[in-house]
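What the coordinates show
The residues making up each chain are set out below.
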Amino acid sequence: MAHRFGTIGGGIFGEMHIRALTQRARRGDIEYVGLADINSELRSARAAEYGIDVFADFNEMLDVASPTAVTIATPDHLHRDIVVACVERGVHVLVEKPMDTDVDGCREMVAAADESGVLLQVDFMKRHDLYHAELKRIVESGGIGDIQYGYAWMEDRIEVPTDWLPSWASNSSPAWFVGVHYFDLIRWLVGRDAVAVSATGVAQRLRSIGIDTYDSIQTKIMFPGGVSFTVDSAWHLPAGNEAIVNQGIKVVGSDGWMTVDSQDRGTRGLVSSAPGAPASMLTPNLGLFKESTEAGLPRYSGYAIDSIESFVTNVAMLERGVADLESLKGAYPSGKDGLEVTKIAVAAHRSVERGGDLVSLGSL
């Protein structure tokens, strides 16, 4: 019998979850049982486009549709209660990053999943970017020696907080929304937990238009042995920036270095979106997401899809008894990974509030 999957939260990125899971359902290896979202207009739109069942409340979906697993893409600060409710029912969970914006919330989720013996996976999709996977392989093979330092950047255009997240951008920040991607990626590459953080931030442009959050946060993450990384996160770039997000990472080791520019991958041009429309600069990132057609049906690909489909694979292995949680350990971004990333982000915000003071992660 096919395993049953549902989605809670069907907004901008929740739609990516719907795409990935309905695609798997078309292959016949899972059953997609529906979407739960509190927004009636959004429910209607998703039901019409994808032909799926929809629910106004996630508990109703759990009661009526009885999913084996769910993916959660609600606003960040709402993850905690939903995750705990699902895992306490024995449902496997993939939750969007960050797992929670509170350290105790993460601990509660991890404890609840451990108690129920279910999978708790966090959607840190950057690990599935083929270039990052190659960077990881090179690091682990000793190709650049021992990691000494590095830096990363992820900068969104201002439309992200103003147009994508108008109802909850003030409950987030550039560090929470984009910085955590690289906080996780760096931990994954270094292979150790961070020990301390210092950060500075500027709150100016967004506050001037009524969104009470930081424009930019620069975070320095320290690991044992003097290893450190700086991460620049921002979401106030003007609309004229040629890409919605500018991002990349450089890692320097004792015997070499490697840079992955995740935005400008060699394709760039001045193009029009439609005949007669004004031309603008474009740097497409086809590695993230690409939609095509196969046998008359939509075909979705890219690491944003791969990351979600990896959860499907993990659930199938667990449910079929060919793997257990212990044997899967280290093969996916776990609740513990989510907890450690949240510690970094919480420490960054505390440091900003304290004028850049060093914050020990052991104090959280």
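Everything below is about the structure shown above.
An account of the accompanying structure is given in this report. The written sequence of each chain sets the order in which its residues are numbered from 1. Local features in this predicted model are restricted to residues of pLDDT 70 or higher, and side-chain atom pairs are both shown and tallied only at a pLDDT of 80 or more, whereas totals for entire chains, interfaces and linings draw on every residue. Side-chain numbers come from the whole structure's heavy atoms, not from hydrogens or water.

Patch membership is restricted to residues that have no salt bridge and whose relative accessible area is over 30%. Joining uses 9 Å for like charges and 5 Å for the nonpolar side chains Val, Leu, Ile, Met, Phe, Trp and Tyr. Surface accessibility in these figures is a Shrake-Rupley result with a 1.4 Å probe; residues are shielded only by whichever protein chains are displayed. Salt bridge criterion: a side-chain nitrogen from Lys or Arg within 4 Å of a carboxyl oxygen from Asp or Glu. On the surface, I12, W164 and I244 cluster together into a nonpolar patch covering about 250 Å² of accessible area. Helix and strand labels come from DSSP, where a helix needs a run of H or I of at least four residues and a strand needs a run of E of at least two; each type is numbered from the N terminus. One can find W164 in helix 7 (residues 159-164). When accessible area is computed with a 1.4 Å probe and restricted to protein chains, residues below 20% of their type maximum are described as buried, those above 50% as exposed, and intermediate ones as partly exposed. Looking at W164, the relative accessible area reads 34%, which means it is partly exposed.

All right, on to the layout of surface pockets then. For cavity detection a 1 Å grid was placed over the protein atoms alone, and a set of points counts as a cavity when a 1.4 Å probe fits there but cannot get out; an open set counts as a pocket when protein lies on both sides within 12 Å along at least five of seven lines, with lining residues being those that have an atom within 4 Å of a point. Grid points are joined across faces, edges and corners, and a volume is the space filled by probe spheres set on the points. Here the second largest pocket defines a volume of roughly 540 Å³. In terms of lining residues, the second largest pocket is bounded by 22 residues, among which K329, Y332, S334, G335 and K336 are the most central. Where the lining of the second largest pocket is concerned, the elements lending two or more residues are helix 5 (103-116), helix 8 (174-190), helix 11 (325-328) and helix 12 (335-353). The residue inventory of the lining of the second largest pocket, partitioned by class, reads seven nonpolar, five polar and ten charged. Three classes are used: nonpolar for Ala, Val, Leu, Ile, Met, Phe, Trp, Tyr, Cys and Pro, charged for Asp, Glu, Lys and Arg, and polar for all others, with Gly counted as polar.

The subject of this paragraph is the sheet that holds strand 4 (residues 69-72). Read across the sheet, six strands follow the order 3-2-1-4-5-6 without closing on themselves; strand pairing throughout is parallel. In this open sheet, the two edge strands, each paired with only one partner strand, are strand 3 (54-55) and strand 6 (120-123). Note on pairing: DSSP must find at least two bridges between two strands before they are called paired. Summarising the sheet, strand 2 (residues 30-36) and strand 3 pair through two bridges and their orientation is parallel. Each bridged residue has a counterpart across the sheet, and for A36 the counterpart in strand 3 is F55.

It is worth spelling out the packing of aromatic side chains at this point. Pairs were defined over the aromatic rings of Phe, Tyr and Trp, the Trp ring being its six-membered one, requiring ring centres within 6.5 Å. Orientation was assigned from the angle between planes: stacked under 30 degrees, edge-to-face over 60, tilted for the rest. Taken as a whole and judged by the stated rule, the model has five aromatic pairs. Measuring from ring centre to ring centre gives 6.0 Å for F289 and Y300, while their planes differ by 20 degrees; the resulting arrangement is stacked. Taken together, the residues span a long stretch of sequence, with F289 in the loop between strand 14 (280-282) and strand 15 (290-294) and Y300 in strand 16 (residues 297-301) at a distance of eleven residues. Taken as a pair, F289 and Y300 share a single burial class, namely buried. The positively charged end of K97 is found above the aromatic ring belonging to F177, 4.4 Å away from the centroid. Working rule: Lys NZ or Arg CZ, within 6 Å of ring centre, within 35 degrees of ring normal, means a charge sits over the ring. Seen from the ring of Y214, R207 lies directly overhead, with NZ or CZ sitting 5.9 Å from the centre.

The omega angle of the peptide bond from K97 to P98 is -20 degrees, so this bond is cis rather than trans. Assignment of secondary structure puts P98 in the loop between strand 5 (92-96) and helix 5. A positive phi angle, near 50 degrees, is found at S66, a position not held by glycine. Take S66: it is sitting in the loop between helix 3 (58-65) and strand 4. Positive phi outside glycine occurs at A295, with the angle close to 55 degrees. Considering the arrangement of structural elements, one finds A295 in the loop between strand 15 and strand 16. Residue classification places A295 among the exposed residues on the basis of a relative accessible area of 79%.

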